[in-house]
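Okay, here's what each chain looks like letter by letter:
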Amino acid sequence: MKKTIWCILLLVLCNLIFCSCTVTNMHEKYVIPSNLIKLDGETLVSLDLASGEKNTFQIGEYDFDINGTSVISDGNSIYLFDGGTWNRLPIDGYKIHNKPVIADDSVFFVSPDPEDLSTFPKLFIWKYEKGDITKFSENPVWYGSNILAFENNLIFVRNSDLSIVCKNLGSGAENHLGYGSCLCWKEKGKSFYFQAYAEGLALYDIASKEISVIDKKIDLHSSPIYNEEKNILIITCDDPRNYSSVSYSVAGLYFLNDNKLIYCDDYFKYVGINSDILNIESFEPSIKFIYLT
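Residues numbered from 1 in each chain as written. Predicted model: local features only at pLDDT ≥ 70, side-chain atom pairs only at ≥ 80, totals over all residues. Heavy atoms only, no water.

(A) Broad picture of helix H2 (residues 264-271). Taken together, the buried positions of H2 are Cys-264, Tyr-267, Phe-268 and Val-271. All buried residues of H2 project into a common sector of 100 degrees when viewed along the axis, lining one side. Gly-272, located one to two residues past H2, shows a positive phi value of around 90 degrees. (Buried < 20%, exposed > 50% of the residue type's maximum accessible area, 1.4 Å probe, protein only. Helix = DSSP H or I, 4+ residues; strand = E, 2+ residues; numbered from the N terminus. Arc of directions from axis to C-beta.)

(B) Region of the structure containing the pattern of salt bridges. This model, assessed by the stated rule, comprises six salt bridges. Arg-88 is the partner of Asp-92 in a salt bridge, and the nearest nitrogen-oxygen pair spans 3.0 Å. The class for Asp-92 is exposed, based on a relative accessible area of 51%. With a closest N to O distance of 2.8 Å, Glu-174 and Arg-158 form a salt bridge. Placement of the pair is Glu-174 in strand S14 (residues 174-187) and Arg-158 in the loop between strand S12 (153-157) and strand S13 (163-168), with a sequence separation of 16 residues. Taking the relative accessible area as the measure of exposure, Glu-174 reaches 41% and is therefore partly exposed. (Salt bridge = Lys/Arg side-chain N within 4 Å of Asp/Glu carboxyl O.)

(C) Quick peek at the packing of aromatic side chains. Enumeration according to the criterion identifies 15 aromatic pairs in this entry. With a centroid separation of 6.1 Å and an interplanar angle of 80 degrees, the aromatic rings of Phe-194 and Tyr-204 are classed as edge-to-face. Here Phe-194 is found in strand S15 (residues 191-196), whereas its partner Tyr-204 is found in strand S16 (residues 200-205), with ten residues between them in sequence. Residue class for Tyr-204 comes out buried when judged on its relative accessible area of 1%. In this structure, Lys-135 is placed above the aromatic ring of Phe-124, and the distance from its NZ or CZ to the ring centre is 4.0 Å. Its end group placed over the ring of Tyr-263, Arg-241 keeps NZ or CZ at 3.5 Å from the ring centre. (Phe/Tyr/Trp six-rings, centres within 6.5 Å; stacked < 30°, edge-to-face > 60°. Lys NZ or Arg CZ within 6 Å of the ring centre and 35° of its normal.)

Here it is in C-alpha cells:
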C-alpha cells in the first residue's frame, strides 16, 4: 500500500516538473522581449510584450527614436525625430496610409490627393522637403503595402498590377523586382518579406532577385513588422482556420524558425495582456501604425 502511494506521489511530482519545464520552455521560446508602440494623437502608447505592462508618453517628452525609425505616423499626422525631439510636420489635409519613410533627406508618404473627394480615392506617394509637398508618383500605389527606402532608392507596389518597383531618386531609373505586396525589411537594402503574388508569405533577395516561399497558407493583409532578435513577424492575414468563402482577418505572431503562427489573442491571454493596441476586438485588427522597439 505504501509503495503504491509513493509511486502515485512520484508520478504527480514528475508531472509537475514536466509541466513546469514545458511552461518555462514555452516562455523562453515564444515570449517576446520587445515593446509595441502606437502613436495616438500626441500620445505614445508602449506595450511590453513580455510583461503586458502598458505605459503612455506625450510625444514631445519622448526623447528617443523608435528602433532606428526617425519618422512615424498615426494616419493623421507625421512626426520627425530631429535634434533629440519629435516634431510634427506641417502636413495637413492628407490622410496617411501605411508608414512614411525617409530617403535623400526627404520624407515620403502615401496618401490620396486631398482634392479627391471620391469614396474610394486612389493613393499616391508624396514627397515632403523643407515645407514643400509634391506628388512623387503619377501612378497610383497599392493601399496595403508600406514603401521601403534604402540609400537613394524607394521600393513600392503599383496598384495596377501589383508590380514591385525599385526607383532611384537620383536618376529616376526604375527596376522591376517582381509581383506581390505587403513589403517589410528583413535586412535593409538586402532583403524583404512580402506577400508573393499567388504564392504566400515569402522572402525576396534584392541582389539575386530570388524568391523563397516561406508559407503558402499565409495571405497577408498588410505589411508585417519584423523582430530580428526572435526572428518573428507580427502580421495580419486571412485566418488559416477559416474555410468559409468570407475573408476573416486576424493578427498573429509568425515564428520563422518554426514556421508557426500564434494568434495574438492567444499570445495576449498567455502573457496576461489586456490591451486593444492592435484593435483585436474589432472586426479587422491592424498593425499599420504599430512600431516595434
